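# Examination of the molecular architecture
Spelled out from the first residue to the last, the chains are:
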Amino acid sequence: MFCSVISFSQSPTVLAQESNQVTNGFREDLSFLKQHTDIITLTNGEAAVAVAPAYQGRVMTSTVDRENGVSFGWINRKVIEKGLLSEEERKGKLEEHIYIFGGEERFWLGPEGGQFALFFKPGSKFEFSDWRTPAAIDTEPFELVQQSSTTAKFKRNCKLTNFSGTQFVMGIERSVRLLDQAAIAKVLETDSIDESIKYVGYETDNRLTNRGENAWTKQTGMPSIWILGMYNPSPKTTIVIPFKPGDAAELGPKVNDTYFGKVPPEYLKVDDDVLFFKGDGTRRGKIGITPERSLGIAGSYDAEGHVLTIVTYNVQDAPNGFVNSMWEMQKEPFKGDVINAYNDGSPAPGEPPLGPFYELETSSPAAALKPGETMTHVQQTLHLQGSEDALDPIAQRLLGVHLDEIRVTQ
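Overview of the structure. Computed from a prediction, not measured in an experiment: that's the story for all the values here.

## Quick word on the overall build of the protein
Each helix and strand counted, the protein has 8 helices and 18 strands in total. Summarising its shape, the C-alpha atoms of the protein cover approximately 55 × 50 × 45 Å along the three principal directions. The buried share of the protein, taken over its 410 residues, is 59%. Across the protein, the fraction of contacts at a sequence separation of at least 24, relative to all contacts at a separation of at least 6, is 72%. For the protein, the accessible area works out to roughly 16,600 Å², and carbon and sulfur atoms hold 46% of it. Across the protein, 40 positive and 55 negative side-chain charges occur, with their mean positions spaced 5 Å apart.

## Some words on unusual backbone geometry
At the junction of glycine 110 and proline 111, the peptide bond is cis and its omega measures out at 5° in the coordinates. Turning to its location among the elements, proline 111 is positioned in the loop between strand S4 (106-110) and strand S5 (143-147). For the peptide bond that leads from glycine 355 to proline 356, omega is 10°, which places it in the cis range. Non-glycine residue glutamate 189 carries a positive phi angle of around 55°. The backbone phi angle of histidine 306 is positive, close to 55°, even though this residue is not glycine. Judged by relative accessible area, histidine 306 falls into the partly exposed class, the value being 32%.

## A look at the side chain of aspartate 257
Mapped onto the elements, aspartate 257 comes out in the loop between helix H6 (248-251) and strand S11 (268-270). Reaching out from aspartate 257, the side chain makes a polar contact with the side chain of lysine 262 at a distance of 3.0 Å. Sequence-distant contacts of aspartate 257, defined by excluding residues within four places in its chain, comprise Lys262, Val263, Leu268, Lys286 and Ile287.

## Some words on the layout of surface pockets
When its volume is computed, the largest pocket comes out at roughly 460 Å³. In terms of lining residues, the largest pocket is bounded by 29 residues, among which Val323, Asn324, Lys335, Gly336 and Asp337 are the most central. Sorting elements by how many residues they give to the lining of the largest pocket places H6 first, with 4 residues. Partitioning the lining of the largest pocket into residue classes produces 11 nonpolar, 11 polar and 7 charged.

## A word on the environment of isoleucine 98
Locating isoleucine 98 in the fold gives a position in the loop between helix H4 (87-90) and S4. Sequence spacing of isoleucine 98 and isoleucine 137 is 39 residues, and the spatial spacing of their C-alpha atoms is 9.7 Å.

## Quick word on helix H2 (residues 26-36)
Phe26, Asp29, Leu30, Phe32 and Leu33 are the residues of H2 that are buried. Take H2 and look down its axis: the buried residues cluster within an arc of 165°, on one side only. Of the residues in H2, the exposed ones pointing more than 90 degrees away from the buried face are Lys34 and Gln35. Where the residues of H2 are buried, they touch strand S1 (40-44), strand S2 (47-52), strand S3 (58-63) and helix H3 (77-82).

## Some remarks on the packing of aromatic side chains
On inspection of all chains with the given rule, the structure shows 17 aromatic pairs. Judged by centre distance (6.0 Å) and plane angle (65°), the rings of phenylalanine 107 and phenylalanine 142 are edge-to-face. A residue pair is termed long-range when its members are at least 10 positions apart, and phenylalanine 107 in strand S4 and phenylalanine 142 in the loop between S4 and S5 qualify at 35 residues. The buried category is assigned to phenylalanine 142, whose relative accessible area is 4%. Taken together, a centroid distance of 4.9 Å and an interplanar angle of 35° make the contact between phenylalanine 126 and phenylalanine 163 tilted. Remark: phenylalanine 163 occurs in the loop between strand S6 (151-161) and strand S7 (167-178) and phenylalanine 126 occurs in the loop between S4 and S5; sequence separation between them is 37 residues. Taken together, the aromatic side chains of Trp108, Phe119, Phe120, Phe126, Phe128, Trp131, Phe163, Trp226 and Trp327 make up a single cluster linked through ring pairs.

## Regarding empty space enclosed by the protein
A full pass over the atoms with the stated rule returns 2 cavities of 30 Å³ or more. Lining the second largest cavity are 11 residues, and of these Arg58, Ile98, Tyr99, Ile100 and Arg106 sit closest to its centre. Tallied by class, residues from the lining of the second largest cavity come to 8 nonpolar, no polar and 3 charged.

## Looking at the sheet that holds S2
Here we have 3 strands laid out as an open sheet, ordered S1-S2-S3, and antiparallel in their pairing. Only two strands of the sheet have a single neighbouring strand rather than two, namely S1 and S3. Neighbour-to-neighbour, the strand axes of the sheet open up by a mean angle of 20°, direction not taken into account. Note that S2 and S3 share 5 bridges and pair antiparallel.

## Description of the sheet that holds S4
The 5 strands are arranged S4-S9-S17-S16-S13 in an open sheet whose pairing can be described as antiparallel. Among the strands making up the open sheet, the edge pair consists of S4 and strand S13 (285-289). Averaged over all pairs of adjacent strands, the angle between strand axes in this sheet comes to 20°, irrespective of strand direction. Two strands pair when backbone bridges link them, and strand S9 (residues 224-231) and strand S17 (residues 358-363) are joined in this way by 6 bridges, in the antiparallel orientation. Counterpart to tyrosine 231 in the pairing with S17 is tyrosine 358.

## Some thoughts on the side chain of serine 62
Take serine 62: it is sitting in strand S3. Exposure remark for serine 62: the relative accessible area of 0% places this residue in the buried category. Within the local environment of serine 62, its side chain forms a polar contact with the side chain of glutamate 104, the two groups lying 2.9 Å apart. When neighbours within four sequence positions are excluded, serine 62 is seen to be in contact with Phe26, Ala48, Val49, Val70, Ser71, Phe72, Gly73, Glu104, Val200, Tyr202 and His383.

The rules behind each value
- Residues numbered from 1 in each chain as written.
- Predicted model: local features only at pLDDT ≥ 70, side-chain atom pairs only at ≥ 80, totals over all residues.
- Heavy atoms only, no water.
- Helix = DSSP H or I, 4+ residues; strand = E, 2+ residues; numbered from the N terminus.
- Buried < 20%, exposed > 50% of the residue type's maximum accessible area, 1.4 Å probe, protein only.
- Contact = heavy atoms within 4.5 Å.
- Areas by Shrake-Rupley, 256 points an atom, 1.4 Å probe, with all protein chains shown as cover.
- Lys, Arg positive; Asp, Glu negative; His and termini not counted.
- Charge placed at Lys NZ, Arg CZ, Asp CG, Glu CD.
- Polar contact = N/O pair within 3.5 Å; in protein donor to acceptor, adjacent residues only side chain to side chain.
- 1 Å grid on protein atoms, 1.4 Å probe; cavity = no way out; pocket = protein on both sides within 12 Å on 5 of 7 lines; lining within 4 Å.
- Points joined across faces, edges and corners; volume = space filled by probe spheres on them.
- Nonpolar A, V, L, I, M, F, W, Y, C, P; charged D, E, K, R; others polar.
- Arc of directions from axis to C-beta.
- Phe/Tyr/Trp six-rings, centres within 6.5 Å; stacked < 30°, edge-to-face > 60°.
- Pairing = 2+ DSSP bridges.
- Axes fitted to C-alpha atoms, helices over the stretch in contact; angles between N-to-C directions.

As structure tokens, then:
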């Protein structure tokens, strides 16, 4: 999510009314989405994933039970109902900068800010008034090139210019694959899954190709693949990110918690090798984990719904670092974070939240690609619903903590 304090032209009352979301079941959300855009539904037994080609092949939501189950993705119904606005209609509104459609896994490109920013035109200021999400990852559709009952593949060619004036000729490929029981068990590092647990899991394969004539370098700027998921918050939802313990001089800080000002201790608890960050949608804050500390995994636990969410990505060598998205001229533009988490809330006193929602995000290394070369970033998302007795061994094995340790922080 973007790094700024936002100022809206609409009144706080109007925005509050428009941001109120009803948490529906998957069937209700799917019906709503189909009224406003084409939706591809991937299914395997009771598990289902809803994908929107017009929203860049975005996973809008998923469920463990497509008839009666909850819907895991946060969906911004007000924005979807309005549809795309004319240039005149967008003026003075949030849509002038971004269409927040929601969705629990979307394709973006980094960096957001800095001298190589893709969200600021050359000569602009690092202020929200000049911030624009590129149309290729905001309003323009991806082309569906292949589909089955469990997979959907997309492609998109585009040109983007960064803050320094470098033009990137890009080829984007994205596939969404619903995972079967064997694939989910592999992610969970087990031979079998407790039969009492309901689950859904999917994998996205995201590829970025240099289709231009010049190499992407540290001098010109190097983009990255940035995958973000927006989920429904609750008072009892906690984000959990394990990390490598060790010296900050070697691995960097345990957490970067200053994106929107320092996160207060009642919202963030940091131990030697794991952190707990509230995902309740009541206070705006963002955190980041360095690639040196990352274990390639993040998660969350909703103690009300008994839902454990796991996000993993393909950890790969990054000789050119990770892009830095801070809104400033940067001393180290390739010393960015690889995992981020965001908790939504009021961006300024008296203003409503954007959602509310919470996010889990992962990024690829900076793409130092020669013409014709491709970088791949793979992310897996799992939702597991069941009793705490059944879920606890999974949390302990993958996140390094028991569920009662998570609940203590709520």
